[in-house]
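Summary of the model geometry
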Amino acid sequence: MGTGSGKAQTRVVAQFALLALAWGSSFLFIKIGLRQLSPTQVTLARMVFGALALGVLVAITRRPLPRDPRIWGHLAVVSMLLCVVPFTLFAWAEQDIPSGLASMYNAGTPLFAMAFAALVVAGERITRDRFTGLCLGFAGVVVIIGPWRGLGAQHDLLAQAACVGATACYGLAFAYLRRFVTGRRIPATSVAFVQVLTGALIMVLAAPWVADQPVDRLSAPVVLSMVALGAFGTGLAYVWNTTVVTAWGAANGAAVTYLTPVVGVVLGVVLLGEPLVWNQPVGAALVVLGIVAAHGRLTPRAAAEPAAR
């Protein structure tokens, strides 16, 4: 391997690590933001800072924006499914459950994407491997909830249901994106900017009704968390994801999904002192195993299939 190739590979590894840290730490930043902000205000801040970061990147790289109004319409739908709704659901849920637990549910995104793609994308179907993966993933969600321990307080159960709903939104968004946007040769950075910008505009316009909670003087940790959540976890993370997938392929790039809950749980336990029950990491491991199985990694005869993330 040449020196240039080695340096390029090192950059990809570094961006893979940053991506896992960005997506895994997002749940920590949400939790900190909720100390002084409402869930919708957290979403508003996340979208605005994310749009600013991606806007600067688009300007620097001079990426063209789509001109077809239909693409903007499709990306507006994607923005609601991939940003506005799930971001708000996760923030609402984290008012009642640990950030690490929320990150575990997020790991199921590729499984939902696979299931929805089978319904809306031509040529996609549920193979034996994918069916096995979906079953393992569903079992993992059940284990995370731990029904044998009792369902606990109603607000905790509703919060966990909101996390599942947010993850389902992600999966539907990826299927929709693949059905109506992918293949039109629009730069990935431009797609990300338009969808985040659209979501930011929606939140700004809706703020007088959905994000009007009085805000006192914000603390530095809350402000920095919102900047990091938007610019780092919603803006730059998309660029790093594109780089990793381009260099390693979708299936290998999707391995970041395995690390996201690990980062989320470790940060929650170490920095926030969140509790961790044995069934939660076991369930998350089953979800990850389901993703691996769905991509044929447990059957030597099968070649790895592209991942949703």
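Everything below is about the structure printed above this text.
The sections below set out a description of the structure shown in this document. Note that this is a predicted model, so its numbers are computed, not measured.

Helix and strand counts for the chain stand at 12 helices and 0 strands. For the chain, the succession of helices and strands along the chain, N to C, is α-α-α-α-α-α-α-α-α-α-α-α. As presented, the chain carries roughly 14,400 Å² of accessible surface, and 67% of it is formed by carbon and sulfur atoms.

Taking 1.5 Å of rise per residue, 16 residues should cover 22 Å, and helix α12 (residues 279–294) covers 22 Å from first to last C-alpha, within 8% of that figure. Among the residues of α12, Asn279, Gln280, Gly283, Ala284, Val287, Val288, Gly290, Ile291, Val292, Ala293 and Ala294 are the ones counted as buried. Buried-residue contacts for α12 involve α4 (99–106), α5 (109–120), α6 (128–145) and α11 (256–272). Positioned one or two residues after α12, Gly296 has a phi angle of 75°, which is positive.

Attention shifts here to the environment of Thr61. Its location among the elements puts Thr61 in helix α2 (residues 39–61). You can call Thr61 partly exposed: its relative accessible area is 36%. For the pair Thr61 and Thr189, spaced 128 residues apart in sequence, the C-alpha to C-alpha distance is 9.3 Å. From its side chain, Thr61 meets the backbone oxygen of Leu57 in a polar contact 2.7 Å long.

Procedures and definitions
- Residues numbered from 1 in each chain as written.
- Predicted model: local features only at pLDDT ≥ 70, side-chain atom pairs only at ≥ 80, totals over all residues.
- Heavy atoms only, no water.
- Helix = DSSP H or I, 4+ residues; strand = E, 2+ residues; numbered from the N terminus.
- Areas by Shrake-Rupley, 256 points an atom, 1.4 Å probe, with all protein chains shown as cover.
- Expected span 1.5 Å × (residues − 1).
- Buried < 20%, exposed > 50% of the residue type's maximum accessible area, 1.4 Å probe, protein only.
- Contact = heavy atoms within 4.5 Å.
- Polar contact = N/O pair within 3.5 Å; in protein donor to acceptor, adjacent residues only side chain to side chain.

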